[in-house]
Amino acid sequence: MNLATVVSYSEAIDNFDQGLTEEAVRTLEKTVKDNPGFIMAVDKLQQVRKNLIVLDKQREEQLAQKIEVILNNMNLDSVNWAIQISNSWSILISTFSYEALLEFNTKLLEKGISPEKRMYGASMDIQFGEMMEMYNITAYSQLKLHEEVINHGQTYLARYPVSMYYTSVRMNVEQSLAELEAREAGAKKIDKVLQYDAFLAYVSYLDKFEIYKENLSSAEMKNFTDLMQNQVIKYLEKTKVLTEDFDAYDLKDLFDACLKLEKPELASDLIKTAHSILDGTEDEEKVYSMEEELNDYNEGKKEKTDKLAEYKERYAKAIPEEIPPLLLHGHDIIDCGGFDLIVEISKKYFRDADTRDTDNVVRSRHQAWFNLLSKAEKTNDIKEYEEVLSRYKQDKFIQSQNFEWYSNELKSYEEDLRDLQAGRRAYTRDFTAYSPEKDMINRYAGSCSEYDQYVSAIKFRKQLMQNFKLTDEEKSMNYYFMVLAYNNLGKFDEARIFAKMLMNEIPESDYASAVKSLIDFMPR
């Protein structure tokens, strides 16, 4: 700990002792943030914060008592009656006690004060009703009661057209109108915005397909295919619009993903949509390039399909002596997508092999095991690979030959298995932890805030907090935006609840400091 830290701590204690509590808090917060291990500063900060809460409560109680005394002792015939009321208004405004101000004004009216009564006699042409209603409108504005601001504001502007408060009241009315108009406009757009958010979330998810393709199981490949077809391509077919977040290059990336998923029919659907979007633009060449690439893919696919059909025909007609030569084409058969065929050929060999011709049997038998392991590796079926490797280790015939290369061969296969397992672990750690639903809901929450749909924004933030594991940074950000949303809705008690949760759970967060500053100026 350096000297500057100790000096800062000492300054904070001096401020606290002199009654400068807020200055002490600011100094201690900086000291704790820069030196989180400084226990004395942390403890003192907690003590000062508790003291602030007590002081605030005492002040509110004293204010309430003071206002009550003013109301009870008010003499409307006294020359000071207006000053007493004006001072009360100033105190309530300066302490953000807007609800108390509205209640105070209601009690003033109950005393029978005429709205036309001049506040300061002939010296200033200000009526009691004029000034009181200005304060009411100010309170309504701070409490986010926009309908009240608009209704009372219109009446005020019509009744007091030359009031010195005319401009400020008009500004409050315009602000409330702008807020309500923004909410109404946002409500009309939000459904399409959320659909686009979902689309972007799934596109972002599909972007990771390229990274983890080799680690995906058949079921996971199918999941990607379904997302591509139902969540991405159908959206593009419906909207036929590109944006800054999704342009022609992203369209090409989706096309490439369709081919890697081995779904040329989806690539063809995407090309049709790309024509409707890009024809006549500077990017239309990309569509023709995709068409050429799809033609090459289909030609290559047809060649593989035809070749696989030949292998199947050869196998169907093969006599036992013709099975070993087929085994030697295992890699080619797998490359043509003949996974089931190579398994069937290899199994048939094990059933029917004649072990009298040792040299040829070893070669063929070894090739059969290699084919089965290659199939499991190609389809990323770790369980199958483990089972095949286990059976290979138990092959008595190969073991009986005492080949020098056998132990090295096993080490090579076991290393391949470890690579598969490591890839799968990385996939599980990095990819399955990524949730398109989490990304989507996070986007929903951000868009709802952007389009002034605060109730929906809060709903989505709560879903994130309840349904997904979040980092401290993500948690604090969600707390912060919920506090903002509740504040914009005028739900200040709820805002304080979530602000307190943030400051208690993640006090070191930058968002905690921002939230504290926000609630300090919220209506009481």
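The rules behind the values
- Every chain is numbered independently, its residues counted from 1 as its sequence is written.
- Restriction of local features to residues with pLDDT of at least 70 applies here, the model being predicted, together with a cutoff of 80 or more for giving and counting side-chain atom pairs; totals for whole chains, interfaces and linings are based on all residues.
- Think of the side-chain values as coming from all heavy atoms in the structure, minus any hydrogens and water.
- Numbering of helices and strands runs from the N terminus, with a helix taken as a DSSP run of H or I at least four residues long and a strand as a DSSP run of E at least two residues long.
- When accessible area is computed with a 1.4 Å probe and restricted to protein chains, residues below 20% of their type maximum are described as buried, those above 50% as exposed, and intermediate ones as partly exposed.
- In this analysis, two residues are considered to be in contact whenever any of their non-hydrogen atoms come within 4.5 Å of each other.
- Known as pLDDT, the predictor's confidence for each residue is given on a scale from 0 to 100.
- Two rings from Phe, Tyr or Trp (for Trp, the six-membered ring) form a pair when their centres are within 6.5 Å of each other. A pair whose planes differ by under 30 degrees is stacked, one over 60 is edge-to-face, and the rest are tilted.
- What a helix is expected to span follows from its residue count: subtract one and scale by 1.5 Å.
- In this analysis a 1.4 Å probe is tested at points of a 1 Å grid over the protein atoms alone, and where it fits but cannot get out there is a cavity; an open set with protein on both sides within 12 Å along at least five of seven lines is a pocket; lining residues have an atom within 4 Å of a point.
- Grid points are joined across faces, edges and corners, and a volume is the space filled by probe spheres set on the points.
- Definition used for salt bridges: Asp or Glu carboxyl oxygen within 4 Å of a side-chain nitrogen of Lys or Arg.

Caption draft 1: Structural context of the overall build of the protein chain. Each helix and strand counted, the protein chain has 25 helices and zero strands in total. Scored against the burial criterion, the 524 residues of the protein chain give a buried share of 42%. Contacts in the protein chain between residues at least 24 apart in sequence constitute 62% of all its contacts with a sequence separation of at least 6.

Caption draft 2: Expanded view of the confidence of the model for the protein chain. Mean pLDDT over the protein chain works out to 86, with 84% of the residues at or above the 70 mark. Least confident of the elements in the protein chain is helix α1 (residues 3-17), whose mean pLDDT is 50; most confident is helix α7 (residues 146-159), at 97. Counted against residues more than four places away or in other chains, residues 16-20, with its pLDDT under 50, gives seven contacts.

Caption draft 3: Region of interest: unusual backbone geometry. One non-glycine residue, lysine 240, adopts positive backbone phi at about 50°. Its location among the elements puts lysine 240 in the loop between α10 (218-239) and α11 (248-260). Even without glycine at this site, aspartate 452 takes up a positive phi of about 65°. Mapped onto the secondary structure, aspartate 452 falls in the loop between α21 (436-450) and α22 (454-467).

Caption draft 4: Representation of the packing of aromatic side chains within the structure. This model, assessed by the stated rule, comprises 20 aromatic pairs. Here the aromatic rings of phenylalanine 96 and phenylalanine 521 are separated by 5.6 Å at their centres, their planes lie at 75°, and the arrangement is edge-to-face. Taken together, the positions of phenylalanine 96 in the loop between α4 (81-94) and α5 (98-110) and phenylalanine 521 in the segment after α25 (510-520) put the pair 425 residues apart, joining distant regions of the chain. A ring pair is formed by tyrosine 479 and phenylalanine 498, whose centres lie 6.4 Å apart and whose planes are at 45°; its orientation type is tilted. One end of the pair, tyrosine 479, is in helix α23 (residues 472-489); the other, phenylalanine 498, is in helix α24 (residues 492-505), and 19 residues separate them in sequence. On the accessibility criterion, tyrosine 479 (4% relative accessible area) is buried. Judged by relative accessible area, phenylalanine 498 falls into the buried class, the value being 14%.

Caption draft 5: Summary view of helix α16 (residues 339-352). In this model, α16 (14 residues) spans 20 Å end to end at C-alpha, consistent with the 20 Å of a helix rising 1.5 Å per residue. Listed as buried for α16 are Leu341, Ile342, Val343, Ile345, Ser346 and Tyr349.

Caption draft 6: Local environment of the layout of surface pockets. Of the pockets and cavities examined, the second largest pocket occupies roughly 970 Å³. Counting residues per element, the ones that place at least two in the lining of the second largest pocket are α10, α11, α13 (284-317), α15 (330-335) and α17 (358-378).

Caption draft 7: Main features of the pattern of salt bridges. Counting across every chain of the model gives 21 salt bridges. The shortest N-O distance in the salt bridge between lysine 107 and glutamate 103 comes to 3.5 Å. Highlighted residues: lysine 107 and glutamate 103, both in helix α5, separated by four residues, approximately one helical turn. Here lysine 348 and aspartate 352 are joined by a salt bridge, their closest N and O atoms 3.1 Å apart. With lysine 348 and aspartate 352 both in helix α16, this residue pair falls four residues apart, about one helical turn. The exposure class assigned to lysine 348 is partly exposed, which follows from its relative accessible area of 21%.

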